[in-house]
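Fold and geometry: a report
For reference, the chains in residue letters:
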Amino acid sequence: MAQVKGALIGCGFFAVNQMHGWQDLANVEIVAICDRDPERLAIVGDQFGVARRYHSADDMFAVGGFDFVDIATTVGSHRALVELAASHKVPAICQKPFAPTLADAQAMVAAADEAGIPLMIHENFRWQTPILAVKAVLDSGAIGTPFWGRVSFRSGFDVFSGQPYLAKGKRFIIEDLGIHSLDIARFLFGDASRMTARTRRINPDIAGEDVATMLLDHDNGITSIVDVSYATKLPEEPFPETFVEIDGSAGTLRLGKDYKLIVHGPDGTTESIVAPTLLPWASRPWHNIQESVALIQKHWIERLTSGQAPDTSGRDNLKTFALVEAAYLSAERGETISLGDLLG
């Protein structure tokens, strides 16, 4: 496979994982990086041996010389950077959350479509090894036809020390974490047509909600619950594991702590451990997320070089983003929201 050259915009906390993921791909080289913070730019540039360093994305695109751009900045800058990439006809990966508003996200998808470039959202939770294992069981028919499911992420982990900006936004857990859990629900159970949500703020030192419970009506008749919390104090901290429960017409599936997967069906009950690989650059307990970063980047390169749309394309992610918007709207109004009203 021919060498693929990339550029990275944003050298913050999470971008280091993305740089490691790119470095692991034999046919990929990050040739340029960009960040407004000179210190972060120097740290990442020195760590990964990237000579081309820019404080301005405009300047980086003006020089060019890369086949795609990885946008690893915070949400407020996403639209301008995706539209900048589109203006230069450079394929783009964009961090989640996609955009500040659904209208911004739709404009970004339109810009990419008009430029004829692929746009992928870095929605990596569905690429976690345990979630892929759950999907494989569903696809095998081992528990029959699913009719009910739950995607749960409940933790008391301090996410604010590494990402202090998370404590400042009026929106927090649905936008930052719930978006992943909602995308998992779409991945496992299909698209949803209606959303009912309730939120709470337990931590008095943050601006947004840190607990959310969401009820989804899926198009195929499945009912799912997506619940997320950063205010749950457990005797054993499960961060950053996602737990999954699914009831089917012929059996049940349970993904629990320490990546234990229990499948019960007509042929009996099986138990297995579907733990992620601890990559050489990864560290516990983050290794689950870190491995999924590497897996989604591999997927991006495979689709980019074959000319196929990525699974978490910008257009596909509009449906996940709409669930986030519907959740906030439902919690605010205290009523069920139709997704058709948001997506048109």
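A short tour of the structure in this document, coming up. (Residues numbered from 1 in each chain as written. Predicted model: local features only at pLDDT ≥ 70, side-chain atom pairs only at ≥ 80, totals over all residues. Heavy atoms only, no water.)

**Here's the deal with the packing of aromatic side chains**
- Per the counting criterion, the structure on display carries 13 aromatic pairs.
- When the centroid spacing of 4.9 Å and the interplanar angle of 50 degrees are considered together, the rings of Trp 22 and Phe 68 count as tilted. Remark: Phe 68 occurs in strand β4 (residues 68-71) and Trp 22 occurs in helix α1 (residues 15-24); sequence separation between them is 46 residues. The same class applies to Trp 22 as to Phe 68, namely buried.
- Judged by centre distance (6.5 Å) and plane angle (40 degrees), the ring pair of Phe 125 and Phe 153 falls under tilted. Linking Phe 125 in the loop between β6 (119-121) and α6 (129-140) with Phe 153 in strand β7 (residues 146-154), this pair joins segments that are 28 residues apart in sequence. For the pair Phe 125 and Phe 153, one class covers both residues: buried.
- Taken together, the ring pairs in this structure connect Phe 13, Phe 125, Phe 153, Phe 157, Phe 160, Phe 172, Tyr 230, Phe 239 and Trp 286 into an aromatic cluster.
- For the cation-ring pair, Lys 135 lies above Phe 187, with the distance from its terminal atom to the ring centre recorded as 5.2 Å.
- The cationic tip of Arg 171 hangs over the ring face of Tyr 328; the distance from NZ or CZ to the ring centre is 4.1 Å. (Phe/Tyr/Trp six-rings, centres within 6.5 Å; stacked < 30°, edge-to-face > 60°. Helix = DSSP H or I, 4+ residues; strand = E, 2+ residues; numbered from the N terminus. Buried < 20%, exposed > 50% of the residue type's maximum accessible area, 1.4 Å probe, protein only. Lys NZ or Arg CZ within 6 Å of the ring centre and 35° of its normal.)

**Structural notes on the sheet that holds strand β13 (residues 260-265)**
- If you trace the nine strands from one edge of the open sheet to the other, you get β14-β13-β12-β11-β7-β10-β9-β8-β15, paired in mixed fashion. Of all the strands in the sheet, just β14 (268-273) and β15 (337-338) have a single pairing partner and so form its edges.
- The pairing of strand β8 (residues 192-200) with strand β9 (residues 211-218) spans eight bridges and is antiparallel. Bridge pairing in β9 links Met 195 to Leu 216.
- Of the strands in this sheet, β7, β11 (243-248), β12 (251-256) and β13 are in contact with α6, which crosses β12 at around 175 degrees.
- Across the sheet, helix α9 (residues 314-333) touches β8, β9 and β15, and the angle it forms with β8 is around 55 degrees. (Pairing = 2+ DSSP bridges. Contact = heavy atoms within 4.5 Å. Axes fitted to C-alpha atoms, helices over the stretch in contact; angles between N-to-C directions.)

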